[in-house]
Every structure is written in C-alpha cells, then in structure tokens.
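# Architecture at a glance
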Amino acid sequence: MTDQHVVGRRQLLLKAVLFVGCTDAPQRSQTLDAPVVPFDELFAPADTVRLDSSIIIGAIMFLDVNQEGDLLVTDFIGGSVNLFASSGEHSRTYSPRKCLPDDEDLTPYSARFAGKGHVVTKDLESRVVVLTADDRCVGATRRMLHRFKGFCASGDFLFFFVWPDPYLTSSSYNSVVVYSLELQSLRDIPVEGPKFPRLNLPFVGMWDRSIDCFGDGPYFTYLESMDAIPVRFDAQLTQQRPEFCSPRPQDIPRNISREAMTAEWQEYLSTNAVFALTSQTRMVLYKNLADRWQVEGVEDDGFRLGISVANNVGRFPPRSTISPVWPDAAGYGYIYSGGDHEPLPNGDVGNPLILRYRFIPPQDADG
Amino acid sequence: MASRLQYTIWFVVPFLTGLVALSGLQLWFAGDNNPAPPVRAAALVPDDSMLVGHLLPTAALLEVQSKGHVLVGDIRRVHLP
C-alpha cells in the first residue's frame, strides 16, 4: 500500500469520525483480559537521546513525537517550544508568543504536531496557537469556549476533549470539539460522559494527555476508565481489561474538603493518560495500583504506575505491565521518559536526558 | 370569550418570539468570538519554587484556577539543576 493510499485511508477514517461521531456512545462488544507481563517483555532496554546542548531546556513538561521520531519539546520553565530530530539535533524554535503579542502571560504547557508540519501549542489557561513548520502564525486564541482535558491533532483537524461540565450526571454526554488548523470550530462530537462526574470535575490525570489521535480517530480517557474510549462509533470495539485493574467503587462524596477529595482520588486506581504508541496501538497509563503490584527491587515513588497496551484493530492480544518509568510521551513505536539533567564535562549542567524504550509487540502477534 | 386564534396571537406568539430573541442573544454572546471568562493559572504544588531552580519531588500536582474551580492534575517529575 503506498503512502498516498495510507493518507487517503486515514482522511477517510477521520471524516468518518467527524460525521459518524454524533451517533450513540460506542457499544462495548467484547472485553479481553490484558495479563501483566514483565516490563522488559514489552519494552526493550532504554537508549538515550541527548538534546542539542546549544538549546537550553529547563524542564520537559510535555513531549510529542511524530511519525519520523522527531521530538517536540515544551519547556514550561523556559517557556519555549523546540523541535529536535530523533537524534537530538535541534531543528527549530517555535515562537507562539508572537501570535498573541499583547499577551505577556502566554506560557506554553503543551505542544503537539499537526498536519502539514504545523505545530499546536496550548497553555494551562487554554490559550492556543497554531504555527506552520516554519514558525508562522496560522491561528491563535486567547480563550477557548470550553476548558479542555487534552487535545490531539490528526491531519487538518484538532480534537479538543472538553472538561466535563460540573452539572453532568453519570448518564450525560460529554463532547470532543473539532477545530481546523485556523482554530475555526467545526463541530462538537458527543461522547459518553464520565461514570463518576464528581471525580472528573476537579481532577485530571496528566495535563493535556486525556486524549490522543490514532489512525482510526481519537481515543480519550476518564479517571475511572478501564481502557481508552474511541470517539468513533464502532460496534466491533474490543475493550481490554488490565490484570491490575480494580474498579473504583463509587464517585467521590459530595461536600467534602479539597484535601479529602484529593485523598479520595489517590485512594484508588486512576487512569492518567492515553498515548498513541503507534497509529494503531494505544497505551494507557494508570497510577495508584494496589500495593500487591509493587515490584520487588523497584523504589516505590508512591505512584505505582501501570501500563496497558492494546492494538486498535486486534493485531496482537492486549498486555499490561508495571512500569518503573513515568512515560512522558509515546510514538514512533517507543515510549519516552525525561531523565535527569546531564552533567557536562566542564561542570555545567546540560539538558535533561530523554530515555527511549522500544515497544516489542507480543510474540503471538499476527504477522 | 376570546377565540383560540386570538389567544394564540396575543399570548403564545409574543412569548415564542421573545424566547427566540433571547436564545439568539444568548448564542450571539456565547459565540466563538466571545468565549468564556478567562482562566488564571494559580499555584504550583507543592510550591512555585521550580522557577528559582529547586529540586522538586519525583512528581507533583499542578493546580489551575479556572472559572471558579480549582483543577488539579499530575505533572511528571521535574528535575532541575
């Protein structure tokens, strides 16, 4: 199949998302168990990416990876967005601030690759800027209509996952809003609402990571989700159930203090993020696994991370693992995790290292 | 006694007209060109010392104040020199 065919097929699927997504919530026709396997059975030993030291990176708060393995690094400390080749060589610095010149507070928190080489940046106050590959402003907005739990980009479309409304009931719908690269709102796609709305109102897992885009459209998560949920209606959807998954029994109680709410959130398994490991493979990150999943010899940092991996078209059976690393990004068949700043020979401190772990599809995978 | 037609003209039609006008106004004010009130980034938890180069714990929560709500999410570990 040629690249042109693949692109054409993807566009067709995206249009299906746009126009069919307004139907009922997906029907969960099948659930497959995702047994826990050792981490090194799913991911090869890490190799290290050293970001070009001519660019100073304070802290990698958000990382995106495109299909060529290029890295889009958002430095929340330095307020910068930089593009690096997969080797770590610096390619370009983006300047979202120039698109909102009278807004001095714009500090990008996240940035993602979009179609046509464009880049989308978002800050925690929902200022969104779209830039071309050569850093020209395409769209910019100081305020979006909604708050968003995350966003992803696929081709010419941007998908923003709406932060659920405080007045939602468990049976209500939520929505994913589709924007053009020029930030024109194209449509709202209704999606199923959270089972536990009071949990999902104040809390999110990893900021801007509750949705990711795949070849068959976006998938999103709520904090209580067992698996990522496709935006696209698909009667044949197969859901996976990680072995460590123990369902949260109830929503957080009404009228309790924020501290008590936070404690309640942290008491049970929490679904923190969804990543597109490949265009067909979704990876879901969980934290607060039960004590019995603590791996011997691995320092307990208090988060107890779990990962599940499943293929959207069933090319391999789902698996889950206990993760010793906190994934910052996934793509290009790898997960990426920011490490410590590299000490330089002259005694200075260099950029944070990026550790990259290649995904090994389960052995009984087809083909 | 007023006929059903008169009742419709004098009461129902103005009511519906007003309703439509109000909805139109609401849509106009809520349009993309006039979006929601601003949100304001608030505190970094456990503190905002990351800006002056302290080492934070392996991970932390980040709070954002938005439309009267405090939104809380995970940020991954932040290692600073």
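Being a predicted model, the structure only gives us computed values, none of them experimental.

Assigned secondary structure in chain B consists of 1 helix and 3 strands. Each helix (α) and strand (β) of chain B, taken in turn from the N terminus, gives the series α-β-β-β. Among the 81 residues that make up chain B, the fraction classed as buried is 12%.

On to the pairing of strand E16 (residues 211-214) of chain A. For a regular strand, the rule is simple: side chains alternate between the two faces of the sheet. Residues and elements named next belong to chain A. Residues Ile-211 and Cys-213 point to one face of E16 and Asp-212 and Phe-214 to the other, with burial holding for every one of them. Sheet topology places E16 next to strand E17 (residues 217-220); 4 bridges connect them, and they run antiparallel. The partner of Cys-213 across the bridge, within E17, is Pro-218. The loop that links E16 with its antiparallel partner E17 comprises 2 residues.

Here we come to the sheet that holds strand E5 (residues 80-84) of chain A. Residue and element names in this part refer to chain A. The antiparallel open sheet is built from 4 strands, whose spatial order is E3-E4-E5-E6. In this open sheet, the two edge strands, each paired with only one partner strand, are strand E3 (60-65) and strand E6 (90-94). Strand-to-strand twist in this sheet, taken as the mean axis angle between neighbours without regard to direction, amounts to 20 degrees. As judged from the 5 bridges shared by strand E4 (residues 71-75) and E5, these two strands associate in the antiparallel manner. Across the sheet, residue Asp-75 finds its bridge partner in E5, namely Ser-80.

Here we come to the confidence of the model for chain B. Residues and elements named next belong to chain B. For chain B, the average pLDDT comes to 50, and 15% of its residues sit at 70 or higher. In the model of chain B, strand E1 (residues 39-44) stands out as the element of lowest mean pLDDT, 33, in contrast to strand E3 (residues 69-75), which has the highest, 78. Below a pLDDT of 50 lies the segment residues 23-58, which in the model reaches 51 contacts outside its immediate sequence neighbourhood of four places, other chains included. Both scores are given for the predicted complex: the pTM is 0.81, the ipTM 0.78.

What follows deals with the sheet that holds strand E14 (residues 185-192) of chain A. All names here are of chain A. If you trace the 4 strands from one edge of the open sheet to the other, you get E11-E12-E13-E14, paired in antiparallel fashion. Every interior strand has two partners, whereas the edge strands, strand E11 (148-154) and E14, have only one. Averaged over neighbouring strand pairs, the angle between their axes works out to 25 degrees when direction is ignored. Relative to strand E13 (residues 173-180), strand E12 (residues 157-162) runs antiparallel, the two sharing 5 bridges. Its bridge partner lying in E13, Phe-161 is registered against Val-176.

Quick look at the environment of Arg-356 of chain A now. Considering the arrangement of structural elements, one finds Arg-356 of chain A in strand E26 (residues 349-358). Each C-alpha atom of the pair Arg-356 of chain A and Ser-337 of chain A lies 6.5 Å from the other, and the pair is 19 residues apart in sequence.

With that out of the way, let us pick up the pairing of E26 of chain A. Residues and elements named next belong to chain A. Of all 10 residues in E26, 7 are buried; the element is thus mostly enclosed. Across 4 bridges, strand E2 (residues 47-50) lies against E26 in antiparallel orientation. Across the sheet, the residue bridging to Val-49 is Ile-354, located in E26. Where strand E25 (residues 334-343) lies against E26, 7 bridges are found, and the strand directions are antiparallel. Bridge pairing in E26 links His-341 to Pro-352. Hairpin connection, E25 to E26: the antiparallel pair is bridged by 5 residues, and Gly-347 has positive phi, about 95 degrees.

This part takes up the nonpolar core. Residue and element names in this part refer to chain A. Counting residues in hydrophobic clusters, the biggest one holds 102 residues, and the most contacted among them are Leu-158, Phe-159, Val-176 and Phe-220. When residues in this core are grouped by element, the largest group, 6 residues, is from E12. Sequence-distant contacts of Phe-220, defined by excluding residues within four places in its chain, comprise Phe-161, Val-176, Val-191, Ser-210, Ile-211, Ala-228, Ile-229, Val-231 and Val-274.

Residue and element names in this part refer to chain A. Of note in this structure, Ser-126 is not a glycine but carries a positive phi near 65 degrees. Along the chain, the position of Ser-126 falls in the loop between strand E8 (119-122) and strand E9 (128-131). You can call Ser-126 buried: it has 23 C-beta atoms within 10 Å. The phi dihedral of Tyr-332 falls on the positive side, at around 65 degrees, and the residue is not glycine.

Per-residue confidence for chain A averages 88 on the pLDDT scale, and 87% of its residues sit at or above 70. When the criterion is pLDDT under 50, residues 19-26 of chain A qualifies, and its contacts beyond four places in sequence or with other chains add up to 17 contacts.

Conventions used here
Residues numbered from 1 in each chain as written. Chains lettered and ligands numbered in written order. Predicted model: local features only at pLDDT ≥ 70, side-chain atom pairs only at ≥ 80, totals over all residues. Helix = DSSP H or I, 4+ residues; strand = E, 2+ residues; numbered from the N terminus. Buried ≥ 20, exposed ≤ 12 C-beta atoms within 10 Å, placed from the backbone. Pairing = 2+ DSSP bridges. Axes fitted to C-alpha atoms, helices over the stretch in contact; angles between N-to-C directions. pLDDT = per-residue confidence, 0-100. Contact = placed C-beta atoms within 7 Å. Core = buried A, V, L, I, M, F, W, Y, C linked by C-beta atoms within 7 Å.

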